[in-house]
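Single-letter residue listing:
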Amino acid sequence: MRYLTAGESHGPQLTTIIEGLPAGMSIIADDINKELARRQKGYGRGRRMQIEKDKVHITSGVRHGYTLGSPVALTVKNNDWKRWTDIMGQEPLSADEEGEVRRQVTRPRPGHADLNGALKYGHRDMRNVLERSSARETTVRVAAGAVAKKLLSLLDIEIACHVVEIGGIQAGPANYESITQLQEITEASSVRVFDRSVEKEMEQCIDKAKEEGDSIGGIVEVIVEGVPAGVGSYVHYDRKLDAKLASAIVSINAFKGAEIGIGFEAAKKPGSAVHDEITWTKEKGYFRKTNRLGGFEGGMTTGMPIIVRGVMKPIPTLYKPLQSVDIDTKEPFKASVERSDSCAVPAASVVAEHVVAWEVAKAIVEQFPSDRFDTLKKAIDEYRQSAKEF
Ligand code: EPS
């Protein structure tokens with residue numbers, strides 16, 4: 001299973017094409033739209049989110065509510081495109097328009113893709129870089145992930161996300177009783193925290209950053225429940241599912257690191273306080289008494305909940321810009337200012353949830369190859385039963 005995305009932030013639309021989904025899986029636009037709406041929310045977003053009302057158009061691969069086995073193509077229109085048609089148009093410029101293009105970018109923002117992308121592709125107008133490197137692209141990553149999430153839910157696998165830290169303010173431990181309870185509580189929170197007692201403090205921290213023309217980052221966590229043990233592989237480096245999750249997390253715009261389970265804490269503890277003891281009952285089969293390893297041993301799932309965290313740096317577009325250099329004059333200048341969010345951590349947690357959903361669904365489809373959803377479901381059910389009795 002694979003997908004590609006296309007689209008610029010202020011271009012006409014975003015597109016994704018998903019290939020390799022089994023046929024006969026139920027999916028409707030609403031399954032995707034509800035996730036797109038979740039990604040648009042969150043305290044600290046800028047004005048762009050008032051302009052966009054992300055809705056998916058399914059233009060291939062689905063008929064009467066079921067996948068066909070052919071590529072699934074999804075598009076999301078950019079409402080803002082109306083205001084950018086002359087700046088972002090596809091047709092060549094006429095001679096008198098050359099040099100007249102508005103909003104050219106020649107002062108790269110430290111921390112953004114601007115300068116390195118310009119050097120790589122030879123763009124003198126760094127808008128050619130920033131339009132694609134913009135996190136607007138995560139809209140269709142969520143759309144692809146929403147399809148994966150639907151596949152997982154039909155296989156009784158549930159996934160949720162929450163924010164654990166913003167601007168150095170930490171949420172208390174998320175002692176949720178079920179994934180549903182975690183979803184309900186975080187959904188009602190402006191910053192997607194389970195511990196609502198820190199919500200106001202986080203909002204104030206975001207307000208302060210905004211007032212000061214600054215930005216703040218944070219830490220998000222994704223939990224996946226119901227994945228059987230043994231998904232992924234120990235036999236080769238590029239089949240380890242935990243490695244794929246870490247890669248997917250760090251591939252999200254502005255993410256700088258990933259942790260599985262207790263992650264970096266493990267460095268400080270003896271092995272006896274890190275590894276999870278194994279036990280077995282007739283009802284549950286094998287399980288671990290604790291889950292410090294976040295659902296992974298040897299690149300494979302253990303059957304315990306998958307727990308993966310990602311750290312997001314503050315967004316590099318600052319209203320109080322840092323020092324930079326104009327690539328035309330080579331003179332020192334303040335970096336260019338683009339409209340931006342002061343904190344996108346709550347939205348990014350939804351993106352993290354969807355990139356993780358994609359990787360888990362992909363690993364399952366690869367491990368239980370099937371062109372049909374009904375035979376995939378049967379294979380997973382049989383595997384679950386055999387793992388229990390093993
Ligand atoms: C982004 C800058 C802002 C964000 C955008 C990501 O967009 P604009 O430049 O149009 O104000 O709002 O995020 C989205 C559009 C989105 O859908 O998440 C950036 O530079 O990465």
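Analysis parameters
For every chain, the first residue of the written sequence is number 1, and numbering continues from 1 onward in sequence order. Where totals are concerned, whole chains, interfaces and linings use all residues; where local detail is concerned, this predicted model gives features only for residues with pLDDT of at least 70, and gives and counts side-chain atom pairs only at 80 or more. With hydrogens and water stripped out, all remaining heavy atoms of the structure feed into the side-chain values. Elements are defined by DSSP. Helices are runs of H or I of four residues or more, strands are runs of E of two residues or more, and each kind is numbered from the N terminus. Only the C-alpha atoms count toward the radius of gyration. The rule for a globule is 2.2 Å times the residue count to the power 0.38. Here's how the labels work: a residue is buried when its accessible area is under 20% of the maximum for its type, exposed when over 50%, partly exposed in between, all with a 1.4 Å probe on protein chains only. Contact criterion: two residues are considered in contact whenever any of their non-hydrogen atoms come within 4.5 Å of each other. The Shrake-Rupley method, run with a 1.4 Å probe, gives the accessible areas here. Residue values count only the displayed protein chains as cover. Simply put, an axis is a line fit to the C-alpha atoms, just over the touching stretch for a helix, and the angle between two N-to-C directions goes from 0 to 180 degrees. The scheme is simple: roughly parallel for angles under 35 degrees, roughly antiparallel for over 145, roughly perpendicular for 65 to 115, oblique for anything else. By the definition used in this description, the sense in which the near helix is turned from the far one sets the handedness, with an anticlockwise turn below a right angle giving left-handed and a clockwise turn giving right-handed. Nonpolar residues are Ala, Val, Leu, Ile, Met, Phe, Trp, Tyr, Cys and Pro. Charged residues are Asp, Glu, Lys and Arg, and all others, Gly as well, are polar. Being near a molecule or strand, for a residue, means having at least one of its heavy atoms within 4 Å of it. The definition of a polar contact used here is a pair of N or O atoms within 3.5 Å, where within protein one atom must be able to donate a hydrogen and the other to accept one, and adjacent residues in sequence count solely through side-chain atom pairs. Whenever a carboxyl oxygen of Asp or Glu lies within 4 Å of a side-chain nitrogen of Lys or Arg, that contact is scored as a salt bridge. Scored from 0 to 100, pLDDT reflects the predictor's confidence in each residue.

The helix and strand tally for the protein stands at 11 helices and 17 strands. Whereas a compact globule of 390 residues would reach a radius of gyration of roughly 21 Å, the protein reaches 22 Å, a difference of no more than 12%. Projecting the C-alpha coordinates of the protein onto the three principal axes gives extents of approximately 75 × 50 × 40 Å. Across the 390 residues that make up the protein, the buried fraction comes to 49%. In the protein, of all internal contacts separated by at least 6 residues, the share reaching a separation of at least 24 is 69%. As displayed, the protein offers around 18,900 Å² of accessible surface, 54% of which is attributable to carbon and sulfur atoms.

Bringing the packing of helix α9 (residues 241-250) against helix α10 (residues 345-367) into the picture now. Two elements in contact, α9 and α10, have axes whose closest approach is 9 Å; the angle formed by their N-to-C orientations is 150°. For the element pair α9 / α10, the angle class is roughly antiparallel. The two elements α9 and α10 meet at a crossing, and its hand is right-handed. Residues Leu241, Lys244, Leu245, Ala248 and Ile249 of α9 pack against Ala352, Val355, Val356, Glu359, Val360, Ala363 and Glu366 of α10. For the contact of α9 with α10, the per-class residue count stands at nine nonpolar, no polar and three charged.

All residues adjacent to the ligand are His10, Arg39, Arg45, Arg48, Met49, His112, Ser134, Ala135, Arg136, Thr139, Arg339 and Asp341. At 3.1 Å, a side-chain N or O of Arg45 approaches an oxygen atom of the ligand. Between an oxygen atom of the ligand and a side-chain N or O atom of Arg136, the distance comes to 2.8 Å. Protein burial of the ligand: of its 470 Å² of free accessible surface, 92% is covered by the chains. A breakdown of the residues in the shell around the ligand according to their chemical character gives two nonpolar, four polar and six charged.

A few words now on the pattern of salt bridges. For the structure shown, the criterion picks out 36 salt bridges. The salt bridge partner of Glu131 is Arg127, with a shortest N-O separation of 2.7 Å. Of this pair, Glu131 and Arg127 both sit in helix α5 (residues 127-133), four residues apart, which is roughly one turn of the helix. The burial state of Glu131 is the same as that of Arg127; both residues are buried. One salt bridge in this structure joins Arg288 and Glu297, with 2.8 Å as the shortest N-O distance. Among the ionic contacts, a cluster of salt bridges with common partners joins Glu35, Arg38, Lys41, Lys149, Glu187, Arg192 and Glu353.

Turning our attention to the confidence of the model for the protein. On average, residues of the protein carry a pLDDT of 96, and 99% of them reach 70 or more. On the interface metric, ipTM, the complex scores 0.91, and its pTM is 0.97.

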